[in-house]
Every structure is written in C-alpha cells, then in structure tokens.
Amino acid sequence: MKTDIITLESDTQRLRIAPELGGSVVGWDWKLGKEWSALFRPWDSVSGNRYSLACFPLVPWSNRITGGGFEHEGVFHPIRPNREGETYPIHGDGWLQAWQLAERNDSRIKLSLESDRFDGNPYHYRSSQTFLLLPDGLQIDLTVTHLGQKTLPYGLGLHPYFMRNAHTRLMAKAEGVWLSGDDPIPVEHVTAFPETWDYNTPSPLEGPMIDNCFSGWNGKAIISYPDRALTLTMVMPDCNGYSLMYRPPGLDYFCFEPITHPINAFHMKNQPGLAVLGHGDSLALRAKFLVSAASNTAYTNPNP
C-alpha cells in the first residue's frame, strides 16, 4: 500500500511513522551490532488494515462500547461499529483518519488531527501525537482537546504490538482482571487470575487468548528478550491503574496497551477512568518505551 513514511533515526534506533494511516507507527527498530532488530512488530508495507501496523492511537476512547453508543447528561449518543467483523465500535476514530505533520526535527515528530463528528459520532476534538527519540528509547505523548460545546466523556490509549517468541518474558504487576463472556465485553472482575494470566512475576507469553483489561496496574511493563540480550520497559507515568493485554495464541506478537479506562467503561457504574471534558478541556497520556541491555546467560539457543 503506497503511503508517505516519515523516518527518525539515531545511532541506536529507527522510528517510521505513516501519518495518513491513522497517525500510526509502522516500525520501531533497535540497532543490535550492525543489524536492526524490531521492537514493535513491523508493518508489511502492503496491508491497509490498521491491525497490521506497529502501534496506533486510541482516541477519543479505548476498546469497545456496547449498546450502540452511550448516554451522557440525559442524551443518547449513537456510535456505529467501525471495523469489519466487530460487533461494537472499537478504539475511537483517530486510528481511522489521516493525521497531519505539525512539527519535525532530528529527534521529534508531532502529528495533529482535528476530527469533527467522524462517521456520525458525537465527538469534535483536536488531538496530537508527539514522538520523541530518547537516548535510551522512545516517548509517545497523546493528547486530546474537546472542541464541542457540550461536555462528553473521553478516554485515551496506545495500541503497540510487541515482538515475542518462546523465550520472551513479561512482568506487569496488577491486582485483578475483568473476565468476559461469549465476546470480549467484561462481565466479572476477579482478583484470582486464571492459569497463565498472572504476570506479577516474569512469565512466558504462551497460553490461550487474552483480550482483557487488568486493574491495579502499576504503570510499568517489563519485556525481557534473553535471545537478544535486551529488555524493553514500558512506563506510563500517570497511570490510573488500567492496562489491556491482547495475547493471541500461536502468533509472534502480543499487545500490552497503556489505557486510561477499562473496556466498556461508558456502561459501567461511575464510568471509571473516563474524563468528562468541557469545551477547551484536555486529556493527555504519556508512554515511554525504554531499552536496556540484559544478560542472556539463561538463554540457550535451540539451534546452535
């Protein structure tokens, strides 16, 4: 698929962004020796499916909304499904629109988007994404400012796809998880994790499907790659306790999403994590992806 790609590159990392494809990251690589090694799952440069990209923004909400929309201050706001095969509208609408390049220098790119009731939804907002190359990684800042005259509830998130294999380990401390029924909508919150779902200690990324929101997350996720002798640490400094994990069985990637509210918060009591914004009010999310060297003494190459 032909689209313009903007690249930031330093001695240690390379970031590629496609503004027209939802302001998404299409590749983030780290220099290991003389070779580039993917940290986010790279886009294949062919598919227009946003789920094939490396990371995309979630604005003005994260994940799914049931009921055909939501009610706010006595008014029902309809929202249509926005992805083929999905019963519910998902991940907002910023990921479905073209963003504009607002600023650029050798280590920083800022994209902007003004969305006015896209596909008939109630949101009129301005959003920005700022990508900053740090000496030890990448920082992404996502902001949204409400431009409508009447208040609306907002949420934010990022949807990064991380590489994984049998040697990869994840630690992301949490207190509980929402379990789902026949679809990904939560029906019960528990503090006893199902088997293979507890990542309070470093654990492998194998097992059945996880597509669930965790509660009590402490804002840090540590991904260890002993076969590459590096560790990737994702930090959400202003975390309010929510994260979402997507662990599809049998694939070479997983998602661990920094988010501001749980799945279907619009229909939960007190709408946890959602921010009600008036005209000119803003909400922001910052995530850092920090790379460090790690010992690979515990790694044994299965094919020496």
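Residues numbered from 1 in each chain as written. Predicted model: local features only at pLDDT ≥ 70, side-chain atom pairs only at ≥ 80, totals over all residues. Heavy atoms only, no water.

Trainee: Could you clarify how one ought to interpret the pattern of salt bridges in this entry?
Mentor: Should the charged atoms of two oppositely charged side chains come close, the side chains can pair. Inspection of the entire model under this criterion finds nine salt bridges. Across the pair aspartate 29 and arginine 14 runs a salt bridge whose closest N-O atoms are separated by 2.8 Å. Here arginine 14 lies in strand β2 (residues 13–18) and aspartate 29 lies in strand β3 (residues 24–32), a separation of 15 residues in the sequence. Here arginine 14 falls in the partly exposed class, since its relative accessible area comes to 21%. (Salt bridge = Lys/Arg side-chain N within 4 Å of Asp/Glu carboxyl O. Helix = DSSP H or I, 4+ residues; strand = E, 2+ residues; numbered from the N terminus. Buried < 20%, exposed > 50% of the residue type's maximum accessible area, 1.4 Å probe, protein only.)

Trainee: For this particular structure, what's the right way to read the sheet that holds strand β14 (residues 169–171)?
Mentor: Strand pairing in a sheet takes place through backbone hydrogen bonds and is either antiparallel or parallel in direction. Reading across the sheet, the nine strands line up as β8-β9-β10-β11-β24-β20-β19-β14-β17 and stay open at both edges, with antiparallel pairing between neighbours. Strands with a single pairing partner mark the edges of an open sheet, and in this sheet they are β8 (100–104) and β17 (203–204). Where strand β19 (residues 220–225) and strand β20 (residues 230–235) come together, six bridges link them in antiparallel fashion. Each residue of the ladder has a partner; that of serine 224, found in β20, is threonine 231. (Pairing = 2+ DSSP bridges.)

Trainee: Honestly, the confidence of the model for the protein in this entry has me stumped. Any pointers?
Mentor: Caution is warranted with low-pLDDT regions, since their predicted coordinates should not be read in detail. Confidence along the protein averages 95 in pLDDT terms, with 97% of residues attaining 70 or more. Low pLDDT (under 50) marks residues 297–304, which in the prediction has five contacts with non-local residues, meaning those over four places away or in another chain. (pLDDT = per-residue confidence, 0-100. Contact = heavy atoms within 4.5 Å.)

Trainee: What am I meant to see in the packing of aromatic side chains here?
Mentor: How two aromatic rings sit relative to each other is set out by the distance from centre to centre and by the angle between their planes. In the structure shown here, the tally under the stated rule is 19 aromatic pairs. When the centroid spacing of 5.9 Å and the interplanar angle of 25° are considered together, the rings of tyrosine 51 and phenylalanine 56 count as stacked. Per residue, the accessibility class of tyrosine 51 equals that of phenylalanine 56, and both read buried. Taken together, a centroid distance of 5.5 Å and an interplanar angle of 65° make the contact between tyrosine 161 and tyrosine 253 edge-to-face. On the criterion of sequence distance, the pair formed by tyrosine 161 in strand β13 (residues 157–163) and tyrosine 253 in strand β22 (residues 253–258) is long-range, its members being 92 residues apart. Given the relative accessible area of 14%, tyrosine 253 is considered buried. What links up through ring pairs into an aromatic cluster is the set Trp61, Phe70, Tyr123, Tyr125, Tyr154 and Phe266. Its guanidinium or amino end placed over the ring of tyrosine 253, arginine 41 lies 4.5 Å from that ring's centre, counting from NZ or CZ. Sitting over the ring of tyrosine 51, arginine 83 keeps its end group 3.4 Å from the ring centre. (Phe/Tyr/Trp six-rings, centres within 6.5 Å; stacked < 30°, edge-to-face > 60°. Lys NZ or Arg CZ within 6 Å of the ring centre and 35° of its normal.)

Trainee: Help me out: how do you make sense of the side chain of asparagine 212 in this one?
Mentor: Relative to the assigned elements, asparagine 212 resides in strand β18 (residues 210–215). At a separation of 2.8 Å, a polar atom in the side chain of asparagine 212 contacts the main-chain carbonyl oxygen of tryptophan 178. Non-local contacts of asparagine 212, meaning those with residues more than four positions away in its chain, are made with Val177, Trp178, Leu179, Ser180, Trp197, Ser243, Leu244, Met245 and Ile263. (Polar contact = N/O pair within 3.5 Å; in protein donor to acceptor, adjacent residues only side chain to side chain.)

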